[in-house]
Amino acid sequence: MSRVCEVTGKGPITGNTVSHANNRRRRRFLPNLHQQRFWLESEKRWVSLRVSIHGMRTIEKKGIDVIVAQLREQGEQV
């Protein structure tokens, strides 16, 4: 399972970890992902999504029905 938000598409990015001596080593910044269940009132069932916190805020704003419709439009199985 990849570390990508199903709603926003956020994934890992790379950067440097910098020590006190200013030594630089490569590292990965991972998104803040959570496995979250959402109740779909229209279908009377739970939908489980792997979303970032930004994705949860988007769901709160637009509504889970709109987000699920967009995911299905993109060809994702929800």
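Residues numbered from 1 in each chain as written. Predicted model: local features only at pLDDT ≥ 70, side-chain atom pairs only at ≥ 80, totals over all residues. Heavy atoms only, no water.

Participant: Would you mind going over the nonpolar core with me for this structure?
Facilitator: Where a protein is soluble and globular, its nonpolar side chains tend to be buried together. Of all hydrophobic cores here, the largest spans 13 residues; its most connected members are Phe 38, Leu 40, Leu 49, Val 51, Ile 59 and Ile 64. Taken together, the elements giving at least two residues each to this core come down to β3 (33–40), β4 (45–52), α1 (53–62) and α2 (64–73). Tallying contributions element by element places α2 first for this core, with 4 residues. (Core = buried A, V, L, I, M, F, W, Y, C linked by side-chain atoms within 4.5 Å. Buried < 20%, exposed > 50% of the residue type's maximum accessible area, 1.4 Å probe, protein only. Helix = DSSP H or I, 4+ residues; strand = E, 2+ residues; numbered from the N terminus.)

Participant: Explain the packing of aromatic side chains to me, please; I cannot follow it from the model alone.
Facilitator: What characterises a pair of aromatic rings is the spacing of the ring centres plus the angle enclosed by the ring planes. Under the defined criterion, the tally for this structure stands at 1 aromatic pair. Ring geometry for Trp 39 and Trp 46: centres 5.4 Å apart, planes at 70°, overall edge-to-face. Looking at Trp 39, the relative accessible area reads 36%, which means it is partly exposed. By relative accessible area, which is 44% here, Trp 46 ends up partly exposed. Over the aromatic face of Phe 29 sits the side chain of Arg 27, whose NZ or CZ is 3.8 Å from the ring centroid. Taking NZ or CZ as reference, Arg 37 lies 4.1 Å from the ring centre of Trp 46, over its face. (Phe/Tyr/Trp six-rings, centres within 6.5 Å; stacked < 30°, edge-to-face > 60°. Lys NZ or Arg CZ within 6 Å of the ring centre and 35° of its normal.)

Participant: Looking at this structure, how should I read the pairing of β4?
Facilitator: For a regular strand, side chains alternate in direction, first toward one face of the sheet and then toward the other. For β3 and β4, the ladder comprises 8 bridges, and the chain directions are antiparallel. Note that in β4 the partner of His 34 across the bridge is Val 51. Remark: 4 residues form the turn of the hairpin made by β3 and β4, two consecutive strands paired antiparallel; Lys 44 in that turn has positive phi of roughly 55°. (Pairing = 2+ DSSP bridges.)

Participant: Looking at this structure, how should I read α2?
Facilitator: Three or four residues apart is the spacing at which side chains of an α-helix point the same way, because the helix has 3.6 residues per turn. Of the residues making up α2, those classed as buried are Ile 64, Ile 67, Val 68 and Leu 71. One side of α2 holds all its buried residues, which, seen down the axis, span an arc of 100°. In this structure, the buried side of α2 is in contact with β3, β4 and α1. The positive-phi residue at the C-terminal boundary of α2 is Gly 75, with phi of around 95°. (Arc of directions from axis to C-beta. Contact = heavy atoms within 4.5 Å.)

Participant: Got a minute to help me understand unusual backbone geometry in this structure?
Facilitator: As a rule of thumb, non-glycine residues mostly have phi less than zero, and peptide bonds are mostly trans rather than cis. The backbone of Asn 22 sits at a positive phi, close to 65°, despite the residue not being glycine. Along the chain, the position of Asn 22 falls in the loop between β1 (13–18) and β2 (24–29). On the basis of relative accessibility, which here comes to 45%, the residue Asn 22 falls in the partly exposed class.

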